[in-house]
Amino acid sequence: MTAEHVAETADIIVIGGGIAGISAAARLAPHARVVVLEAEAALGHHASGRSAALYEPQYGAPAVVELSWASEAHFRSIPGLLSPRGMLLVGKAHEGAVFESDRAAMKFDAITVDEALAIVPIVNPEVVTMAAHALHAEDIDTDLLLQGFARDIRAQGGKIVTNARVTAIVRTASGWRVTWPGGEAEAALLINAGGAWVDQVAQMAGVQPLGFQPNRRSMARIPAPGGHDVSRWPIMFGPGESWYAKPDAGALIVSPAEEDPMEPHDAWADDMVLAEGLARYEEYVTEPVTRLISSWAGLRTFAPDRVLVIGRDRREPGFFWLGGQGGYGFQTSAGASQLVADLVLGRAPELSADLVAALDPARFG
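Along each chain, residues carry numbers from 1 onward, in the same order as the chain's sequence is written. The predicted nature of this model means local features are confined to residues of pLDDT at least 70 and side-chain atom pairs, given and counted, to a pLDDT of 80 or more, with totals for whole chains, interfaces and linings taken over all residues. Derived side-chain values reflect all non-hydrogen atoms in the structure, with water molecules and hydrogen atoms excluded from consideration.

**Looking at the overall build of the protein chain**
Here is step 1: Only runs of H or I of at least four residues qualify as helices and only runs of E of at least two qualify as strands under DSSP, and these elements are numbered from the N terminus. If you tally the helices and strands in the protein chain, you get ten helices and 22 strands.
Here is step 2: Values of the radius of gyration come from C-alpha atoms, whereas the globule rule sets the reference at 2.2 Å times the count of residues to the power 0.38. Taken against the 2.2 N^0.38 rule, which gives 21 Å for 365 residues, the C-alpha radius of gyration of the protein chain at 21 Å falls within 12% of a compact globule.
Here is step 3: Taking the principal axes of its C-alpha atoms as reference, the protein chain extends roughly 70 × 45 × 40 Å.
Here is step 4: Here the accessible surface of atoms and residues is derived via Shrake-Rupley with a 1.4 Å probe, and residues count as covered only by protein chains that are part of the display. Of the roughly 15100 Å² that the protein chain leaves accessible, carbon and sulfur atoms contribute 52%.
Here is step 5: Working convention for charge: Lys and Arg count positive, Asp and Glu count negative, and His plus the chain ends are omitted. The atom standing in for a charge is NZ when the residue is Lys, CZ when it is Arg, CG when it is Asp and CD when it is Glu. Taken as two groups, the 28 positive and 44 negative side-chain charges of the protein chain have centres that lie 5 Å from each other.

Set out below in C-alpha cells:
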C-alpha cells in the first residue's frame, strides 16, 4: 500500500452517491458502520443532479405511486423542502384519447382553454383545444434533501468517499472487498445503488444482472418566454409526455421527454432530439424559442417492468439491489430508503406486503 491508500472496515458498503444510495446509507448509519463510495467528485453528479426536481406522487406505475406517497410524511417534516408548483396538461383536437388517459392517470381536473391561458399566458388558443390542471405537484429542493441525508450519515460516524470509482469487487469469506484507486473497503453487505451502472456493478461482483436499461433524457434552459415572470407557472406537459416545460430560476426548462436507450455514460443532450422537442413545445405556445441558455442530459434507468428494485439478491443474499429509480428517484427516496433499512435490519417493513413483493428482485426469477 502507498501512503495515500485508504483501507476501510465497515458493516455495509453502498456503491453510488446519488439520492438512492445516500438516503439508504442515512437510514442505516445509526445502526451500522456504513461506507458510501461515489465515483465522481461530488454527490448526485449523474441522474440525481439532472432531475426535474418534482414531487408528483401520481406519476408512474402503481408500485411507484405507492412508494412516492410513502415518502410524503418525511418530505413534509423538512421545512422548505417542498414548494407549490402544480401541473398543466394541454392538448390539440386530435389528441383527445391520449389527453384523457393522462388526465385520468395523474388526476388532473379539466379546465377551459381560457382558464389555462390565465395560468400560463403563452398557451396558444388557436391550437390548444383542451386543458387540465392539478395542484398536487410540488418542487423538491433536491440539494437540501441530498445534503441533509449526507449530513445524517456523517453525524452517525458513516463515511462518504468521493472520487472512488470502483475497480474491483471480490467475494471474501466474511463478505466483500471493494477496491477503487487509492483505497479499499470490506463489509459483510454490499448495497448496489449504482444508478445507470447498476448491472455493471452486479457483474463486477459476480452477480447476475437483471436487465436494467439507461435511457437518455435531454433538457434545454431557455429565457423566460416573452419576458414573463414564470415563477408561479406550473410544469406544463403535452399529451403522452411528448414534451414538458418547467420554470427554473427565472427561466424555463424544456425537455423533449425522450427515452433513448443508452449505455451507461456521462450523458449529454443530442442537438437534433433537443431541436425536435423544442419544436413540439412551440406548437402549443405563442412565444418561439429564440435561443438556449444551456442544455444537458441525464440517464433515467429502468428495470424491465419500470418499477424500482429493492431487496437482497436471491442467489447472493449479501448483495442488495437498490436500482431502477428511473425518473422517480427523489420522489420515492424517503419510502425506498426506509424499506432498505427495514429489510437490512430484519425489521417488519412499514410498507404493505404487496408493495414489498412488487419491489423485490425475486420477481425476476
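**Quick word on the nonpolar core**
Here is step 1: Ile12, Ile22, Ile191, Ile310 and Val340 are the most contacted members of the largest nonpolar core, which has 65 residues in total.
Here is step 2: Not counting chain neighbours up to four residues away, the residues in contact with Ile22 comprise Gly16, Gly17, Val36, Leu43, Leu146, Phe149, Ala150, Ile153 and Ile160.
Here is step 3: Working definition of a nonpolar core: buried Ala, Val, Leu, Ile, Met, Phe, Trp, Tyr and Cys residues. They are joined through side-chain atoms within 4.5 Å. Any residue under 20% of the maximum accessible area for its type is buried, any over 50% is exposed, and the rest in between are partly exposed; the area is computed with a 1.4 Å probe on protein chains only. Counting residues in hydrophobic clusters, the runner-up holds 30 residues, among them Val120, Val230, Leu278 and Tyr281. Contact criterion: two residues are considered in contact whenever any of their non-hydrogen atoms come within 4.5 Å of each other.

**Looking at the packing of helix H1 (residues 19-28) against helix H9 (residues 329-345)**
Here is step 1: The contact between H1 and H9 brings their axes to 8 Å, and the two run at 40°. Comparing their axes, H9 and H1 come out oblique. H1 and H9 meet at a crossing whose hand is right-handed. Side by side, H1 and H9 meet where Ile19, Ser23, Ala24, Arg27 and Leu28 of the first sit next to Gly329, Phe330, Ser333, Ala334, Ser337, Gln338, Val340, Ala341, Val344 and Leu345 of the second.
Here is step 2: Residue polarity follows a fixed list, in which Ala, Val, Leu, Ile, Met, Phe, Trp, Tyr, Cys and Pro are nonpolar, Asp, Glu, Lys and Arg are charged, and the others, Gly among them, are polar. Classifying every residue of the contact of H1 with H9 gives nine nonpolar, five polar and one charged. For every element, the axis is a line fit to its C-alpha atoms; helices are fit only across the contacting stretch, and the angle between N-to-C directions ranges from 0 to 180 degrees. The labels follow the angle: roughly parallel below 35 degrees, roughly antiparallel above 145, roughly perpendicular from 65 to 115, and oblique for the rest. A crossing counts as left-handed when the near helix is turned anticlockwise from the far one by less than a right angle, and as right-handed when that turn is clockwise.

**A look at the pairing of strand S6 (residues 87-91)**
Here is step 1: S6 sits mainly inside the fold: five of its five residues count as buried.
Here is step 2: The side-chain alternation of S6 yields two buried faces, one formed by Met87, Leu89 and Gly91 and the other by Leu88 and Val90.
Here is step 3: Note on pairing: two strands pair once DSSP finds at least 2 bridges between them. As paired elements, S6 and strand S8 (residues 130-134) share five bridges and run antiparallel to each other. What sits directly across from Met87, in S8, is Ala134.

**As for the sheet that holds strand S21 (residues 309-312)**
Here is step 1: Ordered by their spatial adjacency, six strands build an open sheet running S10-S3-S2-S14-S22-S21, and the pairing between neighbours is mixed. What marks the edges here is a single partner per strand, and that holds for strand S10 (159-161) and S21. Neighbouring strand axes in the sheet, compared pairwise and without regard to direction, differ in orientation by 15° on average.
Here is step 2: Sheet topology places strand S2 (residues 12-15) next to strand S3 (residues 34-37); four bridges connect them, and they run parallel. Looking at S3, one finds that Ile12 is bridged to Val34.
Here is step 3: Lying over the sheet, H1 contacts S2, S3, S10, strand S14 (189-192) and strand S22 (319-323), oriented at roughly 170° with respect to S3.

**Focus on the side chain of Thr332**
Here is step 1: Take Thr332: it is sitting in helix H9.
Here is step 2: Its relative accessible area of 0% is what places Thr332 among the buried residues.

**What to know about the pattern of salt bridges**
Here is step 1: In what follows, salt bridge is the name for a side-chain nitrogen of Lys or Arg lying within 4 Å of a carboxyl oxygen of Asp or Glu. A complete count under the given rule lists 21 salt bridges for this structure.
Here is step 2: Measuring nitrogen to oxygen at the nearest pair gives 2.6 Å for the salt bridge that ties Glu138 to Arg76. One end of the pair, Glu138, is in strand S9 (residues 138-140); the other, Arg76, is in helix H3 (residues 72-76), with 62 residues separating them in the sequence.
Here is step 3: Looking at Arg76, the relative accessible area reads 47%, which means it is partly exposed.
Here is step 4: A salt bridge links Arg216 to Glu258, with the nearest nitrogen and oxygen atoms 3.2 Å apart. In this pair, Arg216 is assigned in strand S15 (residues 213-222) and Glu258 in the loop between strand S18 (251-255) and strand S19 (260-261), connecting sequence segments 42 residues apart.
Here is step 5: Because the salt bridges share partners, they merge into one network encompassing Arg217, Glu241, Glu259, Arg300 and Arg306.

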